[in-house]
Amino acid sequence: MKKFDKNNLLTIFKNFILICLFFISPISFAQNNYPTIESYLCNINLDQNGDLNITETEKVYVDGNVIKHGIFRDFPTDYELLTGTNKHIDFTVLNTAIDNSPSEFHMQDINNGKRIYIGNPANLLPIGWHTFTFNYAVKNALGFFPDHDELYWNVTGNGWPFAIQQTTVNITVPPAVANAITGITGYTGSYGAKGKAFNYSQLPNNEIQFNTTASLNPGEGLSIVIGWKKGIIAPPAFSMSDFLLNLLPTLRHYEYTASFVLGAGLLILLIYFLKCWHQFGSAPRKGIIIPEYEPPTGFSPAALRYISDMGYDQKVFVSALVNMAINGYLIIKEENKEYTLTRVKADTSILSAPEVAIADHLFINSNGIKLSQENYSIFNDAITAFKKELRDEFDAQYIQENKSVPVKGLIFSNLIILLSLWLSHPFSFSHIMAILVAMVVFVSIIAQIDEEAWLSYFFALFANFFGLFIVMDLFIARINPVTLLSPSHYYYYGLLLTLVLVNTFFNTKFKKTTIKGRQLMDHIAGFKMFLAATEKERIKFINPPEMTTQLFDKLLPFAIALDLDANWSKQFATVLANATQTGQYHQPVWYVGPSYGHFNYANFSTNLSKSLNAAVSSTMTPANTSSSGFSGFSGGGGFSGGGFGGGGGGGW
């Protein structure tokens, strides 16, 4: 055991004194006034036309740290329903106020809605209690069901980092609704909870009031549900989007003619793909592979993975982050399973061009950024720029994609499906044009989001056929079970599935490396032999490098990029064991985390790769939206965080 140093005891004593001084200092007392919401009042007015006018009033403690200028309110406008479809609601800010005086506000787009900042960025609010008022209008937020209609509203949202001591909701409904109420309920707690920490009462003047009976902790919220008989409020007018969604389910059955057309189209598509496959030929042949102890000169880990996989995935980005850290540009800090990236150098000359694109976007506002959903837009911009640099630098020289072939196959497949549907159940020319226009608009929107997406066959294939399967599922649910047994259905669905499989199979068959790319792939294969070698295999190599922790750090991002981080770690088991026996631990300067001080290479690289990849995936996943495809009542699966509304807020 390592001998205990008396200086350690002195250090512990000094830290103890400092902690004691902290807890008796004014700073400690300030912690008692950490931002909290004392009262959250929400007044909801439901108009006869189904529109909502909502006023939220929050009494919040401004601490001058978390809250300086005011608060912000996140409001979702796009929701994924439990039916698998999406719904957009109209949202308009009417006015905002601070302490009953009109205030400035500004708004920005977030992943699934809007963020409204209440306050003036040029002014600091005095420390103490302040009242924030937020008035807005919402359309298309009611639920219409076969046996009732309802308002299912997430009042507070589940995204507040502050506790809410008391929540009151006053809902004013039209008299006809008040006289036809079929049920009232609600839910409290974290997202998905079914808590009942509230009471409600029906008041005069067509008003229903909810009051929480316990405070809501950070991340908890209140959702309310009011149901009434059908026919009192008319549902929204039929829209083109609803028409496109429900067009196919109206078909009564498929005829043999439709199956014949689909089968003929499938045969033509197969001949076309086979002809193009023969025309473009196979990829250049693999050369002689020998072990290489260094990565190909001039290529970053991200570049090697991008070229070897002939495309981008999340691990390309992860390997770039680790490489940037090992090269001394940033530090990766892990705390409570959350990652923070901190820039320690401003000099980007040590980075590759794609890595510079990452740095320019991640650290544009500060020297540190957390891998969290609140930074979704920043990481999204960084990855978009990163991917563009990779494409510009490597696509033309090393990858030959021939994307036009599968795109033409996809367009032909869609036209054949439309023709077969028209033959089975003729609909007007305007219907066909509406579908085609919708497809063009969809592709155009995707092209604006990502300049290569309109060429991305796989994405287009997924979007088209997934949407097709949704409507086919609706079709199956609505037809008579007896007619479903008709052989024509089996033929059509079988041919449709085959069409999808043929498109999927040939999706990547036209992508290949160039001659220059094949030569680089041979070098990558030789380098992988070294990274994957066991100790027994390494002995056979000619003059292999000495296995040191410095070498481990240097080649770790390449091992991660090439999916060999586990093998690479195993090669250092002996080195680690020897270091442990001498009481020496090598701690990388580019990483700070739970294993700090007892750094174990045997599993560190694999764990870091998996954890960091999961963190990036979580960051790049849009925040969960409320699911409200079913009724908010208990039989329909209601819960806290469900319904429209929601979001959350914070200080700025």
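The shown structure was predicted, so the numbers you read here are calculated from the model rather than taken from an experiment. (Residues numbered from 1 in each chain as written. Predicted model: local features only at pLDDT ≥ 70, side-chain atom pairs only at ≥ 80, totals over all residues. Heavy atoms only, no water.)

## Thoughts on the overall build of the protein chain
Counting secondary structure elements, the protein chain contains 19 helices and 25 strands. Counting the 652 residues in the protein chain, one finds 45% classified as buried. Here the protein chain has roughly 32,600 Å² of accessible surface; of this, 59% comes from carbon and sulfur atoms. (Helix = DSSP H or I, 4+ residues; strand = E, 2+ residues; numbered from the N terminus. Buried < 20%, exposed > 50% of the residue type's maximum accessible area, 1.4 Å probe, protein only. Areas by Shrake-Rupley, 256 points an atom, 1.4 Å probe, with all protein chains shown as cover.)

## A closer look at the pairing of strand β12 (residues 149-154)
Buried residues dominate β12, accounting for 6 of its 6 residues. Burial along β12 is two-sided: Asp149, Leu151 and Trp153 facing one way and Glu150, Tyr152 and Asn154 facing the other are all buried. Where strand β11 (residues 143-144) lies against β12, 2 bridges are found, and the strand directions are antiparallel. From the neighbouring strand, glycine 143 faces β12, where its bridge partner is glutamate 150. The turn linking β11 back onto β12 is made up of 4 residues. Both β12 and strand β17 (residues 220-228) contribute to a ladder of 6 bridges, which runs antiparallel. Looking at the pairing, glutamate 150 lines up with glycine 227 of β17. Pairing of β12 with strand β24 (residues 644-645), which is carried by 2 bridges, proceeds in the parallel orientation. (Pairing = 2+ DSSP bridges.)

## Side note on the packing of aromatic side chains
Counted under the stated rule, the structure contains 26 aromatic pairs. Between the aromatic rings of phenylalanine 72 and tyrosine 117, the centroid separation amounts to 5.7 Å while the plane-to-plane angle is 50°, which identifies the pairing as tilted. Separated by 45 residues along the polypeptide, phenylalanine 72 in strand β3 (residues 70-76) and tyrosine 117 in strand β9 (residues 113-119) bring together distant segments of the chain. Of the two residues examined, phenylalanine 72 and tyrosine 117, each falls in the buried class. A network of ring pairs unites the aromatic residues Phe75, Phe91, Phe134, Tyr136 and Trp153 as a single cluster. Geometry around tryptophan 129 places lysine 59 over its ring, the cationic atom sitting 5.9 Å from the centre. (Phe/Tyr/Trp six-rings, centres within 6.5 Å; stacked < 30°, edge-to-face > 60°. Lys NZ or Arg CZ within 6 Å of the ring centre and 35° of its normal.)

## Quick look at the sheet that holds β3
Strand order in this open sheet of 4 strands is β8-β9-β3-β25, and the pairing throughout is antiparallel. Single-partner strands in this sheet number two, and they are β8 (105-110) and β25 (648-651). In this sheet, neighbouring strand axes are inclined to one another by 20° on average, regardless of whether the strands run parallel or antiparallel. Bridge count between β8 and β9: 6 bridges; the pairing is antiparallel. Across the sheet, aspartate 109 pairs through a bridge with lysine 114, a residue of β9. (Axes fitted to C-alpha atoms, helices over the stretch in contact; angles between N-to-C directions.)

## Concerning helix α9 (residues 376-398)
Over its 23 residues, α9 extends 31 Å from the first C-alpha to the last, a length consistent with the 33 Å expected when each residue adds 1.5 Å. Where α9 is concerned, the buried positions are Tyr376, Phe379, Ala382, Ile383, Ala385, Phe386, Lys387, Leu390, Arg391, Phe394, Asp395 and Tyr398. (Expected span 1.5 Å × (residues − 1).)

## Let's talk about the side chain of serine 413
Within the element layout of this structure, serine 413 appears in helix α10 (residues 404-424). Within the structure, serine 413 has its side chain in polar contact with the backbone oxygen of glycine 409 (distance 2.8 Å). (Polar contact = N/O pair within 3.5 Å; in protein donor to acceptor, adjacent residues only side chain to side chain.)

## Observations regarding helix α6 (residues 301-309)
Residue pairs spaced three or four apart in an α-helix point in one direction, given the helix's 3.6 residues per turn. Across the 9 residues of α6, 7 count as buried, placing the element largely inside the fold. Those residues of α6 lying buried are Pro301, Ala302, Ala303, Leu304, Arg305, Tyr306 and Ile307. Taken from the residues just after α6, methionine 310 is the one with a positive phi, measuring 55°.

## Some points on the pairing of β9
Among the 7 residues of β9, 6 are classified as buried, and the element is accordingly described as predominantly covered. Pairing geometry for β3 and β9, over 7 bridges, is antiparallel. Bridge pairing in β9 places aspartate 74 opposite arginine 115.

## Remarks on the packing of helix α8 (residues 353-362) against α9
Between two packed helices, what matters for the description is the angle formed by their axes and the separation of those axes. Across the interface, α8 lies against α9 with an axial gap of 8 Å and an inter-helix angle of 160°. Viewed along their axes, α8 and α9 adopt a mutual orientation that is roughly antiparallel. Crossing handedness for the pair α8 and α9: right-handed. Packed against α8, whose contacting residues are Ala353, Pro354, Glu355, Ala357, Ile358, His361 and Leu362, the element α9 presents Ile378, Phe379, Asp381, Ala382, Ala385, Phe386, Glu389, Leu390 and Glu393 at the interface. A per-class count over the contact of α8 with α9 returns 11 nonpolar, 1 polar and 4 charged. (Parallel < 35°, antiparallel > 145°, perpendicular 65-115°, else oblique. Left-handed = near helix turned anticlockwise from the far one by under 90°. Contact = heavy atoms within 4.5 Å. Nonpolar A, V, L, I, M, F, W, Y, C, P; charged D, E, K, R; others polar.)

## Some words on unusual backbone geometry
With phi around 55°, aspartate 99 is a residue other than glycine that occupies positive phi space. Tracing the backbone through its elements, the reader meets aspartate 99 in the loop between β6 (90-98) and β7 (101-102). Its identity as a non-glycine residue notwithstanding, asparagine 205 has a phi of 60°, on the positive side. Examined against the element boundaries, asparagine 205 turns out to sit in the loop between β15 (198-203) and β16 (207-212).

## Concerning the sheet that holds strand β13 (residues 164-172)
Judged by pairing direction, the sheet is mixed, and its 8 strands sit side by side in the order β7-β6-β10-β2-β1-β13-β16-β15 without closing on themselves. Of all strands in the sheet, those with a lone pairing partner are β7 and β15, marking the two edges. Of the pairings in the sheet, the one linking strand β1 (residues 37-46) to β13 comprises 8 bridges and is parallel in character. Paired with cysteine 42 across the bridge in β13 is valine 169.

## Remarks on a nonpolar patch on the surface
Together, Leu270, Leu274, Trp277 and Phe505 give the surface a local cluster of nonpolar side chains, amounting to about 350 Å² of exposed area. With respect to the helices and strands, the residue leucine 270 is situated in helix α5 (residues 256-280). (Patch = residues over 30% accessible without salt bridge, like charges linked within 9 Å, V, L, I, M, F, W, Y side chains within 5 Å. Salt bridge = Lys/Arg side-chain N within 4 Å of Asp/Glu carboxyl O.)

## Regarding the confidence of the model for the protein chain
The pLDDT averaged across the protein chain works out to 76; a share of 69% of its residues lies at or above 70. Here residues 427-431 is a poorly scored stretch, pLDDT under 50, and it has 4 contacts once near neighbours within four places are set aside; other chains count. A low-confidence stretch, residues 623-630 stays under pLDDT 50, and its non-local contacts, those more than four residues away or across chains, total 37 contacts. (pLDDT = per-residue confidence, 0-100.)

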